[in-house]
Amino acid sequence: RILARKGRVIMESGAYAVGSPLLVAAAALLATGPYDIEHLDIDAYAVYTNNPPFGAYRGPTGPQMTFAVESHTDAIAKELGIDPLSLRLVNCFKEGDLGPSGQVLANVGMTEAITRAAEAIGYTKRSEPVEPNHVRGKGLSAAWWLTTAGSSGCTVQMNEDGTAVVLTGATEIGTGSVLAGVAQVVAEELGLPLDKVTVKWGDTDGTPMDAGAQGSRTLYNMGNAAMQAAQEAKHQLLQKAADMLEAAEADLEVSDGIVSVRGVPDRSISYGEIMAWQMWATAPVIGSGTFLTTFPPSDAAATLNGAILPSFNAPSYHCHAAEVDVDLETGIVRVIDYVAVQDVGFAINPLYIEGQMHGGAVQG
């Protein structure tokens, strides 16, 4: 077992602070690695230099800290004569462990991610080179990542034709979190086909507040706000449908925008029919939702000097593995096989998630 870890992190801020105080707080948390280590002494500094300031980009401080921590973990294993895979499995976070700030960790998929990556790369099978004067080897690296907090608000409004409009201040930066993810959440909650949901996003003057596209937070935070808004809109729709169908609201079910009495499908009415008289005879249907993660209090949080990241909000767990071929004469390294195993939770849009994993792995 790793009993203690001491780390000193110095990151170049550039000429202005910008986001660096927040990001070095993330680096301090990442300095532990995804491991249950009881005694920690981590110092992280953002240092002014005569260079342009830096900002957040694709897991800011994550690649740097993971490279350092996992290289160190491999060095420990080599020094002790322990297999690097076994060392990680013994020390990695398990369900109910405490994070570096005293946070109780739940839904921890670290062991499974490491195990699956090792199996997929054939970690225990020796690789033989196919060319003379070449050698091959396999390695793996474990990591965890946070979901940044920050407030999110969302409104769902029903149109007279039974379609829905989602208003959100969240920003779509190409990951699909807003145009695909938020739309899917609303469609699922309302019982509507996806093509009946329109998302209007990014106009901060005319949409509810969102804290921004950063730190893998958009779908987790805005998705929860959108879910609440859709649930409120659906409740209003079912109240109207109950009156029109002369049935109890609890006895109604929705499929493809059609509300029917459970067990009596002939007694039904569409969202469009419910909303057709919105202009004159029935009140508009508008649902709203907000979401804000609140961090649990922790004595350990004080060690971060009041930084905005006292805990890893909804962390995710990852393990990547590689097989490489090295030419002993030229030093050229070729990647023969690469495996990415990431515990993503419930995959709302698997295709988009796979795209993110491919892009991140190739860029890394």
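It should be emphasised that the depicted structure is a prediction, and the values quoted were computed from it without experimental measurement. (Residues numbered from 1 in each chain as written. Predicted model: local features only at pLDDT ≥ 70, side-chain atom pairs only at ≥ 80, totals over all residues. Heavy atoms only, no water.)

Observations concerning the state of the cysteines
1) Next: Scanning the model with the defined rule gives zero disulfides in all.
2) Next: With no disulfide partner, cysteine 319 has as its closest neighbouring cysteine sulfur the one in cysteine 92, 9.4 Å distant.
3) Next: Of the residues examined, cysteine 319 reaches a relative accessible area of 0% and is grouped as buried. (Disulfide = S-S within 2.5 Å. Buried < 20%, exposed > 50% of the residue type's maximum accessible area, 1.4 Å probe, protein only.)

Quick word on the side chain of aspartate 97
1) Next: Within the fold, aspartate 97 resides in the loop between helix H3 (84-91) and helix H4 (110-121).
2) Next: Buried within the structure, aspartate 97 lacks any salt-bridge partner; its nearest side chain of opposite charge belongs to lysine 94, at an N-O separation of 5.6 Å.
3) Next: A polar contact of 2.7 Å, which involves the side chain of aspartate 97, links it to the backbone nitrogen of lysine 94.
4) Next: Residues contacting aspartate 97, with those up to four places away along its chain left out, are Asp36, Cys92, Gln103, Val104 and Leu105. (Helix = DSSP H or I, 4+ residues; strand = E, 2+ residues; numbered from the N terminus. Lys, Arg positive; Asp, Glu negative; His and termini not counted. Salt bridge = Lys/Arg side-chain N within 4 Å of Asp/Glu carboxyl O. Polar contact = N/O pair within 3.5 Å; in protein donor to acceptor, adjacent residues only side chain to side chain. Contact = heavy atoms within 4.5 Å.)

As for the packing of helix H2 (residues 62-80) against H3
1) Next: It is the contact of H2 with H3, at a shortest axis distance of 9 Å, that shows an interaxial angle of 110°. The orientation of H2 relative to H3 falls into the category roughly perpendicular. Of the two elements, H2 crosses H3, and the hand of that crossing is right-handed. Here H2 contributes Glu70, Thr73, Asp74, Ile76 and Ala77 to the contact with H3, which in turn contributes Pro84, Leu87 and Arg88.
2) Next: Split into classes, the residues belonging to the contact of H2 with H3 amount to four nonpolar, one polar and three charged. (Axes fitted to C-alpha atoms, helices over the stretch in contact; angles between N-to-C directions. Parallel < 35°, antiparallel > 145°, perpendicular 65-115°, else oblique. Left-handed = near helix turned anticlockwise from the far one by under 90°. Nonpolar A, V, L, I, M, F, W, Y, C, P; charged D, E, K, R; others polar.)

Remarks on the environment of glycine 181
1) Next: Inspection of the secondary structure puts glycine 181 in helix H5 (residues 177-190).
2) Next: Overall, glycine 181 belongs to the buried group, its relative accessible area being 3%.
3) Next: Residues glycine 181 and glutamate 232 lie 51 residues apart in sequence; the distance between their C-alpha atoms is 19 Å.
4) Next: If sequence neighbours within four positions are ignored, glycine 181 has contacts with Gly176, Leu219 and Ile348.

A short note on the pattern of salt bridges
Pairing between side chains of opposite charge can happen when their charged atoms approach one another.
1) Next: For the coordinates displayed, the defined rule picks out 12 salt bridges.
2) Next: Where glutamate 112 meets arginine 116, a salt bridge forms, and the shortest distance between an N and an O atom there is 2.8 Å. Of the two residues, glutamate 112 and arginine 116 both sit in helix H4, four residues apart, roughly one turn of that helix.
3) Next: Accessibility expressed as a relative area gives 45% for glutamate 112, which makes it partly exposed.

Points about unusual backbone geometry
1) Next: Positive phi outside glycine occurs at valine 18, with the angle close to 50°.
2) Next: In this fold, valine 18 is placed in the loop between strand S1 (4-14) and helix H1 (20-30).
3) Next: Judged by its relative accessible area of 61%, valine 18 falls in the exposed class.

Considerations on the environment of lysine 125
1) Next: Considering the arrangement of structural elements, one finds lysine 125 in the loop between H4 and strand S3 (134-145).
2) Next: C-alpha of lysine 125 to C-alpha of lysine 138: the two residues are 13 residues apart in sequence and 9.2 Å apart in space.

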